[in-house]
Amino acid sequence: MIKTVSPKTEPVVAVDIGGTKIMTALFKADGKMLAKDVRPTLVSEGVDAVIERLCAAINEILADNKMSLSQIGAIGIACAGGIDTGKGIVVTPSPHLPGWADLPLAEIVKKKTGVLAYLVNDASAAALGEQRYGAGRGVKNLILFTLGTGIGGGIIIDGKLYLGARGGAGEFGHMTVEADGLQCDCGNIGCLEKYASGTAVARDAIERISRGAKSSLIDMAGGKIDEITAEMVGKAAQSGDNLAREAIARTAYYLGIGMVNIVNIFNPEMVVIGGGMSALGEMIIAPGRKMVAERPYSINAQSVRVVTGRLGNEAGVYGAAAFAFDMRRTR
Ligand SMILES: [Zn+2]
């Protein structure tokens, strides 16, 4: 049975489900994180096992904090993939959560916990998290790019998360940046994600080395150049490796093109770069910041700041919490 929630002071539990880990956190109504739990997703064990693990994490984090499900106002869930936010369904699976299609995740979690659950795309959640609790506090119009294995995005307009007709807005990774470019897994060609994601950086470095270029990456990968990762390229670039720096610069250039397009469409006050690759800091964002200052229509170029996120890999749970608070208040 679903309990009736009246006060607006109850804590929420937020969950961020990714391909490798599930992060669960308990939040007070003022947005303060009280506790956090991280455990592996183990997606190969199947959807049911992952949902069991997720519910176990929720129960344990509450027990550890001497609370019960009846004291929780809502559960906010951020999940990779194409999410129908209104219905709480994972419609199309993320490549990192294969098989998660047409999955009524919010309803399942609600049935298992007795608490209302709300589902939102993980990158949209990260945008909301940064705007509410991170780099974009007080910013009304904010765009977030998440740079990881792929590229995601989130849109805040007038202080509110913009989700589009069904929850699919903000797929910045799949905007065309090369009209006759590389084939993307999404079916489109020349997508930003093919040129500026972690996967793209690693591929670019591998291609340069295959053509005979020298790099410390060859030793770093123990001679197995096919095993070079974006993380290795980042490390090599930070220690001055020229080839790695060129690969990062190419990514930063394409990210800049993506940002210019988005800045012209949305006229945001702030563009936040989050996700794992944002740890490279200025190396990854400075070229784009320069392009955003020079290329867009001038009114748009003058209004925008480009920054890295402040919440790191917790942006998703912060955003899922904010989403749960908002949904609870508008019920
Ligand atoms: Zn694509």
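Residues numbered from 1 in each chain as written. Predicted model: local features only at pLDDT ≥ 70, side-chain atom pairs only at ≥ 80, totals over all residues. Heavy atoms only, no water.

Novice: Outline the overall build of the chain, supporting the account with residue identities and numerical values.
Specialist: Counting its regular elements, the chain contains 11 helices and 12 strands. Whereas a compact globule of 331 residues would reach a radius of gyration of roughly 20 Å, the chain reaches 20 Å, a difference of no more than 12%. Seen through its principal axes, the chain has C-alpha atoms that stretch 65 × 50 × 35 Å. Sorting the 331 residues of the chain into buried and exposed places 54% on the buried side. A separation threshold of at least 6 residues defines the contact pool for the chain, and within that pool the share at least 24 residues apart is 62%. (Helix = DSSP H or I, 4+ residues; strand = E, 2+ residues; numbered from the N terminus. Rg over C-alpha atoms; globule rule 2.2 N^0.38 Å. Buried < 20%, exposed > 50% of the residue type's maximum accessible area, 1.4 Å probe, protein only. Contact = heavy atoms within 4.5 Å.)

Novice: Give me the lowdown on the coordination of the zinc ion, citing residues and values where you can.
Specialist: Taken together, His174 (ND1), Cys184 (SG), Cys186 (SG) and Cys191 (SG) make up the protein donors of the zinc ion, found 2.0 to 2.3 Å from the metal. Geometry at the zinc ion is tetrahedral, judged from the four donor atoms that bind it and their angles of 105 to 120 degrees at the metal. Donor residues binding the zinc ion come from one chain and are separated in sequence as H-x9-C-x1-C-x4-C. Residue histidine 174 is found in the loop between strand E10 (160-162) and helix H4 (193-196), and its partner cysteine 186 is found in the loop between E10 and H4; the two are separated by 12 residues along the sequence. Given a relative accessible area of 24%, histidine 174 falls into the partly exposed group. (Donors = N, O, S within 2.8 Å, 3.2 Å for Na, K, Ca; no water. Tetrahedral: all angles 85-135°; square planar, octahedral: opposite > 155°, others 65-115°.)

Novice: Please give an account of the nonpolar core that cites residues and values.
Specialist: In this structure, Phe145, Leu217, Val233, Val271 and Ile273 are the most contacted members of the largest nonpolar core, which totals 44 residues. Ranked by size, the runner-up nonpolar core spans 34 residues in total, among them Ala74, Leu116, Val120 and Ala127. (Core = buried A, V, L, I, M, F, W, Y, C linked by side-chain atoms within 4.5 Å.)

Novice: So what about the packing of helix H7 (residues 230-238) against helix H8 (residues 242-266)? Which residues, and what values?
Specialist: Closest axis-to-axis distance for the H7/H8 pair is 7 Å, and the angle between their directions is 115 degrees. With respect to the hand of their crossing, H7 and H8 are arranged in left-handed fashion. Only Ala244, Arg245, Ala247 and Ile248 of H8 make contact with H7, whose side of the interface consists of Val233, Gly234, Ala236, Ala237 and Gln238. Residues belonging to the contact of H7 with H8 are distributed by class as follows: six nonpolar, two polar and one charged. (Axes fitted to C-alpha atoms, helices over the stretch in contact; angles between N-to-C directions. Left-handed = near helix turned anticlockwise from the far one by under 90°. Nonpolar A, V, L, I, M, F, W, Y, C, P; charged D, E, K, R; others polar.)

Novice: Tell me about the sheet that holds strand E1 (residues 12-17), and please be specific about residues and values.
Specialist: As summarised here, the arrangement of the five strands in space is E3-E2-E1-E4-E7, forming an open sheet in which the pairing is mixed. Both edges of this open sheet fall to strand E3 (33-40) and strand E7 (117-121), since each of them pairs with a single strand only. The sheet shows a mean angle of 15 degrees between the axes of neighbouring strands, direction not considered. The sheet contact formed by strand E4 (residues 74-79) and E7 spans five bridges and is parallel. Across the sheet, glycine 76 pairs through a bridge with tyrosine 118, a residue of E7. Across the sheet, helix H3 (residues 122-133) touches E1, E4 and E7, and the angle it forms with E7 is around 95 degrees. Strands in contact with helix H11 (residues 315-330) are E1, strand E2 (21-27), E3, E4 and E7; relative to E1, the strand with the most contacts, it is inclined by about 135 degrees. (Pairing = 2+ DSSP bridges.)

Novice: Run through the sheet that holds strand E8 (residues 142-147), naming residues and quoting values.
Specialist: Across the sheet, which stays open at both edges, the five strands sit in the order E10-E9-E8-E11-E12 with mixed pairing between neighbours. The strands lining the two open edges of the sheet, one partner per strand, are E10 and strand E12 (305-308). Each strand of the sheet is rotated relative to its neighbour by a mean of 25 degrees, with strand direction disregarded. Of the strands in this sheet, E8, strand E9 (151-157), E10 and strand E11 (270-274) touch H3, which is tilted by about 50 degrees from E9.

Novice: So what's going on with the side chain of aspartate 204? Residues and values would help.
Specialist: Relative to the elements of secondary structure, aspartate 204 occurs in helix H5 (residues 198-210). Not counting residues within four places of it along the chain, the set of residues in contact with aspartate 204 comprises Ala247 and Arg250.

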